[in-house]
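Listed here are the chains, written in short residue letters.
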Amino acid sequence: PHAPTPTPLEDGQSSRSEAGRAPIIVAENVHKHFGSFHALRGVNLQVRSGEVVVVIGPSGSGKSTFIRTLNALDPHDGGSITIDGIPLNGRHNLDAIRREVGMVFQSFNLFPHLTVLDNITLAPIRVRRLSRAEAEARGLELLRRVGIEEQAHKFPAQLSGGQQQRVAIARALAMDPKIMLFDEPTSALDPEMIKEVLDVMKELARSGMTMLVVTHEMGFAREVADRILFFDQGSIVEDTTPENFYQNPQHERAKAFLSKIL
Ligand code: ADP
Ligand code: MG
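The rules we used
- Residues numbered from 1 in each chain as written.
- Chains lettered and ligands numbered in written order.
- Predicted model: local features only at pLDDT ≥ 70, side-chain atom pairs only at ≥ 80, totals over all residues.
- Heavy atoms only, no water.
- Helix = DSSP H or I, 4+ residues; strand = E, 2+ residues; numbered from the N terminus.
- Buried < 20%, exposed > 50% of the residue type's maximum accessible area, 1.4 Å probe, protein only.
- Contact = heavy atoms within 4.5 Å.
- UniProt positions renumbered as here; feature names shortened; annotations may be inferred.
- Salt bridge = Lys/Arg side-chain N within 4 Å of Asp/Glu carboxyl O.
- Phe/Tyr/Trp six-rings, centres within 6.5 Å; stacked < 30°, edge-to-face > 60°.
- Lys NZ or Arg CZ within 6 Å of the ring centre and 35° of its normal.
- Pairing = 2+ DSSP bridges.
- Near = heavy atom within 4 Å.
- Polar contact = N/O pair within 3.5 Å; in protein donor to acceptor, adjacent residues only side chain to side chain.
- Areas by Shrake-Rupley, 256 points an atom, 1.4 Å probe, with all protein chains shown as cover.
- Nonpolar A, V, L, I, M, F, W, Y, C, P; charged D, E, K, R; others polar.

The name given to the protein in an unreviewed UniProt entry is Arginine ABC transporter ATP-binding protein, with Deinococcus malanensis as the source organism.

Enquirer: Quick one: what's the story with unusual backbone geometry, residue by residue and with numbers?
Expert: Even without being glycine, N29 reaches a positive phi, approximately 50°. Along the polypeptide, N29 turns up in strand β1 (residues 23-34). N29 gets classed as partly exposed once you look at its relative accessible area, which sits at 42%. Of note, N109 is a non-glycine position whose phi angle comes to about 60°, a positive value. For N109, the position within the fold is in the loop between β6 (101-104) and α4 (116-126). When its relative accessible area of 36% is taken as the criterion, N109 is described as partly exposed.

Enquirer: Quick one: what's the story with α4, residue by residue and with numbers?
Expert: Turning to α4, its buried residues number three or more, namely V116, L117, N119, I120, T121 and P124. Among the structural elements, α5 (132-145) and α6 (161-173) are those in contact with the buried residues of α4.

Enquirer: Explain the UniProt feature "domain: ABC transporter" (unreviewed entry) in the protein residue by residue, including any values.
Expert: Summarizing the sequence annotation, UniProt attributes the feature "domain: ABC transporter" (unreviewed entry) to residues 25-258 in the numbering used throughout. As a span, residues 25-258 carries 38% helix and 26% strand, and end to end its C-alpha atoms are 27 Å apart.

Enquirer: Got a sec to walk through the pattern of salt bridges? Specific residues and values, please.
Expert: Evaluation of the coordinates by the stated rule reveals 17 salt bridges. Between R138 and E141 there is a salt bridge, with its nearest N and O atoms 3.7 Å apart. With R138 and E141 both in helix α5, this residue pair falls three residues apart, about one helical turn. Judged by its relative accessible area of 8%, R138 is buried. With a relative accessible area of 35%, E141 lands in the partly exposed category. With a shortest N-O distance of 3.5 Å, D176 and R138 are connected by a salt bridge. On the criterion of sequence distance, the pair formed by D176 in the loop between α6 and β7 (179-183) and R138 in helix α5 is long-range, its members being 38 residues apart. One continuous salt-bridge network, built from bridges that share partners, spans R48, E51, R227 and D239.

Enquirer: Pulling in residues and values, what's your account of the packing of aromatic side chains?
Expert: Evaluation of the coordinates by the stated rule reveals four aromatic pairs. Ring plane angle 65° and centroid distance 5.4 Å describe the contact between F230 and F257, whose orientation is recorded as edge-to-face. Placement of F230 in strand β9 (residues 227-232) and of F257 in helix α10 (residues 252-261) is noted, with a sequence separation of 27 residues between them. Per residue, the accessibility class of F230 equals that of F257, and both read buried. Counting every residue linked through ring pairs, the aromatic cluster contains F230, F245, Y246 and F257. Sitting over the ring of F111, R171 keeps its end group 5.2 Å from the ring centre.

Enquirer: Please set out the pairing of β6 residue by residue, giving values where relevant.
Expert: Burial of β6 is two-sided: the residues V101 and M103 facing one way and the residues G102 and V104 facing the other way are all buried. Bridge count between β6 and β7: four bridges; the pairing is parallel. Directly across from V104, in β7, lies its bridge partner F182.

Enquirer: An account of the environment of I83 is requested, with residue identities and associated values reported.
Expert: Note on placement: I83 falls in strand β4 (residues 78-83). C-alpha of I83 to C-alpha of I228: the two residues are 145 residues apart in sequence and 20 Å apart in space.

Enquirer: Just give me the short version of the site of ligand 1, but keep the residues and values in it.
Expert: For ligand 1, the full set of nearby residues is F34, F37, A39, P58, S59, G60, S61, G62, K63, S64 and T65. Between ligand 1 and K63, the relevant distance is 2.8 Å, taken from an oxygen atom to a side-chain nitrogen or oxygen of the residue. At 2.8 Å, a side-chain N or O of S64 approaches an oxygen atom of ligand 1. A total of 560 Å² of accessible area belongs to ligand 1 in isolation, and the protein chains cover 58% of it. Put simply, the parts of the chain that give the shell around ligand 1 at least two residues each are β2 (37-48) and α2 (63-69). If you tally residues by element for the shell around ligand 1, the top one is α2, at three residues. Among the residues forming the shell around ligand 1, the class breakdown is four nonpolar, six polar and one charged.

Structure below.
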């Protein structure tokens with residue numbers, strides 16, 4: 001029933017210029033506790049379709065927790081989150097939300113006992129009810145897009161870290177999400193593999209995908225981010241353009257953070 005529409009590659013400019021209509025992510029006063037620990041303390045955010053938002057901040061400031069609330073991997077316990085008009089309340093709408101939101105983790109999280117192609121086709125066959133042939137054709141197309149079509153029949157352990165992360169991106173894209181969340185996608189990679197993953201993410205950004213990316217890769221942020229969010233102690237303390245953020249950080253913690261990483 002859901003024939004996945006191929007993501008437009010050539011038409012990045014026009015899809016990007018459509019950013020500016022109704023926000024696709026709306027978080028209002030979002031709170032999250034782990035026991036007595038108050039991890040998110042009133043996060044407010046609106047992201048428009050096609051925006052690329054880079055999320056930075058000190059370790060433990062709530063970056064991962066926040067993006068995990070956006071696809072309900074970690075349910076929030078105060079405030080509201082709406083994804084593409086769908087309210088995220090408790091266990092309601094969970095499947096609908098997860099279909100809209102793809103996620104890529106630091107640690108790849110591929111299924112070790114499945115080939116690369118089977119990793120990619122599993123969810124489209126089971127959840128989207130695509131035929132195997134359809135899912136495989138689409139999977140191969142996505143592997144071509146991330147530059148590793150020739151690895152389709154290998155197992156994850158036979159691939160480099162950079163290749164595994166590109167498979168993880170292709171796997172997330174196979175569900176045809178409207179939003180992609182990345183949590184430090186290059187932090188576990190050797191330096192020579194970081195670029196190949198960032199290049200795939202840049203292409204995705206240019207294609208008009210809405211993206212939230214937790215990363216300390218400043219080159220990536222400067223090149224493709226529309227906005228930078230700086231988290232500190234469970235809330236967003238700066239929300240501005242990359243130019244503004246790097247040249248003129250307002251918050252003391254942001255200044256201190258930048259002085260350490262630049
Ligand atoms: P960041 O990604 O910015 O480094 P996290 O969102 O992972 O930070 O964590 C924010 C805070 O919440 C940290 O103090 C962390 O220890 C705590 N935390 C995160 N996940 C859990 C959990 N599952 N149980 C208890 N505490 C957690
Ligand atoms: Mg984290």
